[in-house]
Amino acid sequence: MNKRNGPEFAPLRNYIKDFKIIVEIYDDKSDLPIRTERMNYGDADDRVWLGKLSFWAWTNGHTVETRSDA
């Protein structure tokens, strides 16, 4: 599988400065949400934070769900 050929690597038509998303962390055992956060995916610091939060969640038996906050 060549990961660099997917549509997610197509150049953006316009620079996206703000892209609000909702991040929810679910406990895999109970399937209940344990944390909900809103963030701006257009902000580099928020993307770094999302990576750290996701890694923490995955290594502690949780699921990460993201969706647009439109």
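Residues numbered from 1 in each chain as written. Predicted model: local features only at pLDDT ≥ 70, side-chain atom pairs only at ≥ 80, totals over all residues. Heavy atoms only, no water.

### Observations regarding the nonpolar core
Counting residues in hydrophobic clusters, the biggest one holds eight residues: Ile21, Val23, Ile25, Met39, Leu50, Leu53, Ala57 and Val64. Apart from residues lying up to four places away in sequence, Ile21 is in contact with Glu37, Arg38, Met39, Tyr41, Leu50, Thr66, Arg67, Ser68 and Asp69. (Core = buried A, V, L, I, M, F, W, Y, C linked by side-chain atoms within 4.5 Å. Buried < 20%, exposed > 50% of the residue type's maximum accessible area, 1.4 Å probe, protein only. Contact = heavy atoms within 4.5 Å.)

### With respect to the pairing of strand E1 (residues 20–27)
Burial within E1 is extensive, with seven of its eight residues counted as buried. Here seven bridges tie E1 to strand E2 (residues 33–40), and the two strands are oriented antiparallel to one another. Along E2, the bridge assignment pairs Ile22 with Arg38. If you look at the hairpin formed by E1 and E2, you'll find five residues sitting between the two strands, and Asp31 has a positive phi there, around 60°. Where E1 and strand E3 (residues 62–68) come together, seven bridges link them in antiparallel fashion. Considered in E3, the bridge of Ile22 is made with Arg67. (Helix = DSSP H or I, 4+ residues; strand = E, 2+ residues; numbered from the N terminus. Pairing = 2+ DSSP bridges.)

### What about the packing of aromatic side chains?
Following the criterion strictly, the structure yields zero aromatic pairs and no others. Geometry around Tyr41 places Arg47 over its ring, the cationic atom sitting 5.8 Å from the centre. (Phe/Tyr/Trp six-rings, centres within 6.5 Å; stacked < 30°, edge-to-face > 60°. Lys NZ or Arg CZ within 6 Å of the ring centre and 35° of its normal.)

### Here we look at the sheet that holds E2
Pairing is antiparallel across the open sheet formed by three strands, whose spatial order is E2-E1-E3. The two strands at the open ends of the sheet, each matched to only one other strand, are E2 and E3. Neighbour-to-neighbour, the strand axes of the sheet open up by a mean angle of 20°, direction not taken into account. Seen against the sheet, helix H1 (residues 44–59) touches E1, E2 and E3 and runs at an angle of roughly 165° to E2. (Axes fitted to C-alpha atoms, helices over the stretch in contact; angles between N-to-C directions.)

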